[in-house]
Amino acid sequence: SADGSAVTLLDYGAGNVRSLRNAIRHLGFDIKDVQSPEDILNANRLIFPGVGAFATAMDVLNKNGMAEALCSYIENDRPFLGICLGLQVLFESSEENGLVNGLGLIPGVVQRFDSSNGFRVPHIGWNALQIREGSEILDDVGNHHVYFVHSYRAMPSDKNKDWISSTSNYGDTFIASVKRGNVHAVQFHPEKSGDVGLSVLRRFLNPKSQITKKPDEGKASKLAKRVIACLDVRTNDNGDLVVTKGDQYDVREHTKENEVRNLGKPVDLAGQYYIDGADEVSFLNITGFRDFPLGDLPMLEVLRYTSENVFVPLTVGGGIRDFTDVNGRHYSSLEVASEYFRSGADKISIGSDAVYAAEDYLRSGVKTGKSSLEQISRVYGNQAVVVSIDPRRVYLKDPNDVEFKATRVSNPGPNGEEFAWYQCTVNGGREGRPIGAYELAKAVEELGAGEILLNCIDCDGQGKGFDIDLIKLITDAVSIPVIASSGAGAVEHFSEVFRKTNASAALAAGIFHRKEVPIQSVKEHLFKEGIEVRI
Ligand code: 1PR
């Protein structure tokens, strides 16, 4: 590595650390993993990425004597970089799992964002920093956005103000990074913040390196609306994993061969969208409901290769539920999700299984804790769990004709209907279920979902715009972020959905795969329209 010494990484195996490893390697450094407390004390330069729950992290650190080693390493002013939870554990304690003690190096208690002031929790996305003098590793960030994904944060106070090197605003002003001598920690994810984030890592890894400043200072001021590129993936009839795209969820060409639409190779396309400025990349394994994902190794390979060069958040969905394979071996949904996280996913998305979990919960009124949604969000934190809804519009003459929440529609139905409800489906739209998108969204929020991916079968692939009525119905129903999806066909569709609804992000597939509109053009349009976006 550049200065001969490897970087020591304290990875306690709680989430996607693969991307951080890839970022460190991308910057030309080798990695030495901590196996024992001595490895911490002997480290030249130590990075501690914290992912998952505070209590889990402290359990692991206390159990094997690492907490003590970490404290003395930091108290000796040795080069240290904590990331996300790796910042939070430096404080006295956190309220995340009841009151749990941290390392107690910085005064203050880590507390949950207050969603009562209209700010959706978790805080997911690209926000601006207010950087203080002498922050060093943040010297190239300027007014560029960096990526946050957390529900808890440390607050500035007189007792910890000397530690603070930057803050960020989300409802209130929270601590975005701390620094004292060689000891640094950041609440955001530098390994997921594109080039700006890589510059933070590079300055920590090699303080003497001369860095070409980013061409402009950036224009970030608050949490940006996210533009997400979505790749529907499945095997084609020759067994190759291809990026495909449905037309109202029908992915087959209307040719004699009726073959699966093939829009390119997943890893190449994802890499291209990262370069084009996508704020996140989502893979949807659309035949996951029948093929066993862990047997379906190519999907894990796609994630491993993609995470080598894509330094923005990766979400993967499709087939995340309990499985029993052909040999009768049972795999819990937690095992399936863990394999995806280990392969480089930052978030997983659950479709069909979340519908069943919501139906059970609405029927019994009891949270069993056994659903995939509850298990995965308990272990990895709800900010790592997205629920993907596949609703189809059902027009109504009278909203009281059904027991589900209906809404007035902007465009009347074929027989002049002025209302509709949105029926949830499973198995890629193949089967309608007795539950509405409104009821599902509220139920999964209570069961621990951190975000909603809101598709619309009617609009999928039509290129005529998002279903604004549906998106308003759902964004007004929950206080977690909602990703609008299905129907994008022009840059105006993106500004329309952000102007008319409280969607936190807009996801599109066909418009990008068909090379009709580059991602950069969408962002320039949003910027011109005065909508906060990461340029
Ligand atoms: O049920 O947990 O196995 O998850 C299956 C996942 O795969 C779900 O997220 C479901 O939405 C998705 N899925 C299943 N079948 C299809 C299909 O198209 N036959 N994709 C499918 C649904 C999603 C994307 C995107 C927008 C953008 N389409 O294409 O969300 O529709 O499309 P556009 O911008 O081109 O209009 P599980």
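Quick notes on the rules
- Residues numbered from 1 in each chain as written.
- Predicted model: local features only at pLDDT ≥ 70, side-chain atom pairs only at ≥ 80, totals over all residues.
- Heavy atoms only, no water.
- Helix = DSSP H or I, 4+ residues; strand = E, 2+ residues; numbered from the N terminus.
- Rg over C-alpha atoms; globule rule 2.2 N^0.38 Å.
- Buried < 20%, exposed > 50% of the residue type's maximum accessible area, 1.4 Å probe, protein only.
- Contact = heavy atoms within 4.5 Å.
- Areas by Shrake-Rupley, 256 points an atom, 1.4 Å probe, with all protein chains shown as cover.
- Axes fitted to C-alpha atoms, helices over the stretch in contact; angles between N-to-C directions.
- Left-handed = near helix turned anticlockwise from the far one by under 90°.
- Nonpolar A, V, L, I, M, F, W, Y, C, P; charged D, E, K, R; others polar.
- Pairing = 2+ DSSP bridges.
- Near = heavy atom within 4 Å.
- Polar contact = N/O pair within 3.5 Å; in protein donor to acceptor, adjacent residues only side chain to side chain.
- UniProt positions renumbered as here; feature names shortened; annotations may be inferred.
- Expected span 1.5 Å × (residues − 1).
- Core = buried A, V, L, I, M, F, W, Y, C linked by side-chain atoms within 4.5 Å.

Enquirer: Explanation requested: the overall build of the chain in the structure shown.
Expert: Helices and strands together make up the secondary structure of the chain, namely 16 helices and 29 strands. The C-alpha radius of gyration computed for the chain amounts to 23 Å, which stays within 12% of the reference 24 Å derived for 535 residues, consistent with globular compactness. Overall, the C-alpha framework of the chain stretches about 75 × 55 × 45 Å when taken along its three principal axes. Each of the 535 residues in the chain was classed as buried or not, and the buried ones make up 61%. In the chain, once contacts between residues fewer than 6 apart in sequence are set aside, the share between residues at least 24 apart is 70%. If you sum the accessible surface of the chain, you get close to 20,800 Å²; carbon and sulfur atoms cover 46% of it.

Enquirer: Just to check I follow, could you spell out the packing of helix H12 (residues 437-447) against helix H13 (residues 468-475) for this structure?
Expert: Packed helix pairs are specified by the crossing angle of their axes together with the interaxial distance, meaning the distance between the axes. Direction vectors running N to C along H12 and H13 enclose 35°, while the axes themselves pass 9 Å from each other. For the pair H12 and H13, the sense of crossing is right-handed. Taken together, the residues of H13 that come into contact with H12 (itself represented by Ala437, Tyr438 and Ala441) are Leu470, Leu473 and Ile474. Looking at the contact of H12 with H13, its residues break down into six nonpolar, no polar and no charged.

Enquirer: Is there a simple way to explain the sheet that holds strand S13 (residues 172-180) in this structure?
Expert: Through backbone hydrogen bonds, the strands of a sheet pair up, either in parallel or in antiparallel fashion. The mixed open sheet is built from eight strands, whose spatial order is S2-S1-S3-S4-S14-S13-S12-S9. The open sheet terminates on both sides in strands that have one partner only, identified here as strand S2 (31-33) and strand S9 (130-131).

Enquirer: Honestly, the site of the ligand in this entry has me stumped. Any pointers?
Expert: In the vicinity of the ligand there are 25 residues, among which Lys245, Ser352, Asp390, Asn455 and Asp460 approach most closely. Between the ligand and the protein, one listed contact pairs an oxygen atom with a backbone N or O atom of Ala509 at 2.9 Å. At a separation of 2.9 Å, an oxygen atom of the ligand approaches a polar backbone atom of Gly510. Contact with the protein chains covers 99% of the free accessible surface of the ligand, which is 770 Å². Listed by contribution, the elements that provide at least two residues to the shell around the ligand are strand S15 (226-235) and strand S29 (505-508).

Enquirer: Just checking my understanding: could you explain the UniProt feature "binding site: L-glutamine" (unreviewed entry) in the chain for this structure?
Expert: UniProt feature "binding site: L-glutamine" (unreviewed entry): in the numbering of this structure it lies at Cys84. Its location among the elements puts Cys84 in strand S4 (residues 80-84). When sequence neighbours within four positions are dropped, the list of residues in contact with Cys84 reads Gly50, Val149, Val186, Gln187, Phe188 and His189.

Enquirer: Is there a simple way to think about the sheet that holds strand S6 (residues 100-101) in this case?
Expert: Spatial strand order, S6-S5-S7-S11: four strands in an open sheet with mixed pairing. The sheet terminates laterally at S6 and strand S11 (152-153), the two strands that pair on one side only. Relative to S6, strand S5 (residues 91-94) runs antiparallel, the two sharing two bridges. Residue pairing in the sheet places Ser94 in a bridge with Val100 of S6.

Enquirer: What is the right way to read helix H10 (residues 352-364) from this model?
Expert: One turn of the α-helix equals 3.6 residues, which is why residues spaced by three or four share an orientation. Between its first and last C-alpha, H10 extends 19 Å over 13 residues, near the 18 Å set by a 1.5 Å rise per residue. Inspection of H10 places Ser352, Asp353, Ala354, Val355, Ala357, Ala358, Glu359 and Tyr361 among the buried residues, and these make up the whole buried set. Elements in contact with the buried residues of H10: strand S21 (347-350), helix H11 (372-380), strand S22 (385-389), strand S25 (419-426), strand S26 (431-436) and H12. Trailing H10 by a residue or two, Gly365 shows a phi angle of about 75°, which is positive.

Enquirer: What exactly am I supposed to notice about the nonpolar core here?
Expert: Within soluble globular proteins, side chains that are nonpolar generally end up buried alongside one another. With 125 residues, the main nonpolar core has Ile47, Phe283, Tyr340, Ile348, Ile474, Phe494 and Phe512 as its most contacted residues. The contacts of Ile474, once residues within four sequence positions are left out, are Ala437, Tyr438, Ala441, Ile452, Leu454 and Val482. Of all hydrophobic cores here, the second largest spans 39 residues; its members include Ala43, Phe54, Val110 and Ala185.

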